[in-house]
Amino acid sequence: MSGAPPVRRSDKLMTDQAVQQLLVRGYCARVATVGADGAPYCTPFLYVWMDGELYIHGSAARGHFRANIDAEARVCVVVDEAGEVFDYGRFECDVALAHASVVVHGRIRVIEERSVKQRFCDRLMAKYHGRDVGRPKSFYPRLDMISVYAVLADRATGKETPLPAPADQWPAKDKSKTPNAVV
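Residues numbered from 1 in each chain as written. Predicted model: local features only at pLDDT ≥ 70, side-chain atom pairs only at ≥ 80, totals over all residues. Heavy atoms only, no water.

Engineer: I keep staring at the sheet that holds strand E6 (residues 95-111) and nothing clicks. Help me out?
Structural biologist: Sheet strands line up and pair through hydrogen bonds in the backbone, either parallel or antiparallel. Read from one edge of the open sheet, seven strands run E2-E1-E5-E6-E7-E4-E3, paired in antiparallel fashion. The open sheet has two edge strands with one neighbour each: strand E2 (40-45) and strand E3 (48-50). Adjacent strand axes in the sheet meet at a mean angle of 35° when their direction is disregarded. Where strand E5 (residues 74-87) meets E6, twelve bridges bridge the pair, whose relative direction is antiparallel. Bridging across to E6, Phe-86 finds its partner in Ala-96. Lying over the sheet, helix H1 (residues 16-25) contacts E3, strand E4 (53-59), E5, E6 and strand E7 (146-161), oriented at roughly 75° with respect to E6. (Pairing = 2+ DSSP bridges. Helix = DSSP H or I, 4+ residues; strand = E, 2+ residues; numbered from the N terminus. Axes fitted to C-alpha atoms, helices over the stretch in contact; angles between N-to-C directions. Contact = heavy atoms within 4.5 Å.)

Engineer: Could you clarify how one ought to interpret the packing of aromatic side chains in this entry?
Structural biologist: The geometry of an aromatic ring pair comes down to the distance between the two centres and the angle between the two planes. A complete count under the given rule lists four aromatic pairs for this structure. Look at Phe-65 and Tyr-149: their rings are 5.3 Å apart centre to centre, the planes differ by 80°, and that puts the pair in the edge-to-face class. Here the residue Phe-65 occupies a position in helix H2 (residues 64-71), and Tyr-149 occupies one in strand E7, the gap between them amounting to 84 residues. Lying over the aromatic face of Tyr-47, Lys-127 brings its terminal NZ or CZ to 3.6 Å of the ring centre. (Phe/Tyr/Trp six-rings, centres within 6.5 Å; stacked < 30°, edge-to-face > 60°. Lys NZ or Arg CZ within 6 Å of the ring centre and 35° of its normal.)

Engineer: Even after reading the chapter, I still don't get helix H3 (residues 114-128), so can you show me in this structure?
Structural biologist: Residues that lie three or four places apart on an α-helix share one face, since the helix turns once every 3.6 residues. With 15 residues, H3 ought to run about 21 Å at 1.5 Å a step, and its terminal C-alpha atoms sit 21 Å apart, in line with that. Those residues of H3 not exposed but buried are Val-116, Lys-117, Phe-120, Cys-121 and Leu-124. Down the axis of H3, the sector holding all buried residues measures 140°, keeping them to one side. Exposed positions of H3 whose direction lies more than 90 degrees from the buried face are Ser-115 and Ala-126. (Expected span 1.5 Å × (residues − 1). Buried < 20%, exposed > 50% of the residue type's maximum accessible area, 1.4 Å probe, protein only. Arc of directions from axis to C-beta.)

Engineer: Would you mind showing me how to read the pairing of E5 here?
Structural biologist: A regular strand places its side chains on the two faces of the sheet in alternate fashion. Bridge analysis of strand E1 (residues 29-34) against E5 gives four bridges, and the strand direction is antiparallel. When the bridges of E5 are listed, Arg-30 appears paired with Val-78.

Engineer: Hey, could you run me through the side chain of Lys-117 in this one?
Structural biologist: By the element assignment, Lys-117 lies in helix H3. Here Lys-117 sits buried without a salt bridge, and the closest side chain of opposite charge, Asp-144, lies 4.8 Å off (N-O distance). Polar contacts involving the side chain of Lys-117 include one to the main-chain carbonyl oxygen of Leu-143, which spans 3.2 Å. Apart from residues no more than four positions distant in its own chain, Lys-117 is found in contact with Ile-111, Glu-112, Leu-143, Asp-144, Ile-146 and Val-148. (Lys, Arg positive; Asp, Glu negative; His and termini not counted. Salt bridge = Lys/Arg side-chain N within 4 Å of Asp/Glu carboxyl O. Polar contact = N/O pair within 3.5 Å; in protein donor to acceptor, adjacent residues only side chain to side chain.)

Engineer: Before we go on, may I ask you to explain the pattern of salt bridges in this structure?
Structural biologist: Oppositely charged side chains can form a pair if their charged atoms are brought close together. By the definition in use, this model includes eleven salt bridges. Residues Arg-30 and Asp-80 are paired through a salt bridge, measuring 2.6 Å at the closest nitrogen-oxygen approach. Separated by 50 residues along the polypeptide, Arg-30 in strand E1 and Asp-80 in strand E5 bring together distant segments of the chain. Residue classification places Asp-80 among the partly exposed residues on the basis of a relative accessible area of 36%.

Engineer: Quick question: what am I supposed to make of H2 here?
Structural biologist: Those residues of H2 that sit buried are Phe-65, Arg-66, Asn-68 and Ile-69. Buried residues of H2, seen end-on, are gathered within an arc of 160° and therefore sit on one face of the element. On the buried face of H2, the contacting elements are E1, E2, E4, E5, E6 and E7.

What follows is the structure, given as structure tokens:
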């Protein structure tokens, strides 16, 4: 994406493979849109990473989200994953969170093809439900009552802070950069 600022914490950058893995396994995608009036709007969605795009769905009824993407197709999506909180120094505020996040800048479009909508629903059910309870599979009688959207990424970057080994956490090491810290 031209004009994008450089990543400030390049030491935390994830590899392209790690970005893809988080997009596949992540739980929630937060999709930010902009309305015709310039006002931002952010909505959480369950999602599927499929065919190199991020797919989401909602009601076919037109609301705030649909009005925004009809006005402006550019979106920003965040998928993140929290890990454990860990101590890195001797003061109460010397804590950090192991985590990973991916930010996707791209364009969103409405999926009209019934076969793609059905494949999305199959993948969504496999990802979030995943168990066989004896009901018919791949049968979606209300498929026409949902809108399915796909976000094609212009740019996707990921950052992570892994959980340090115990030998690199406080009290074994003080990484607080405060006076008299033992490193």
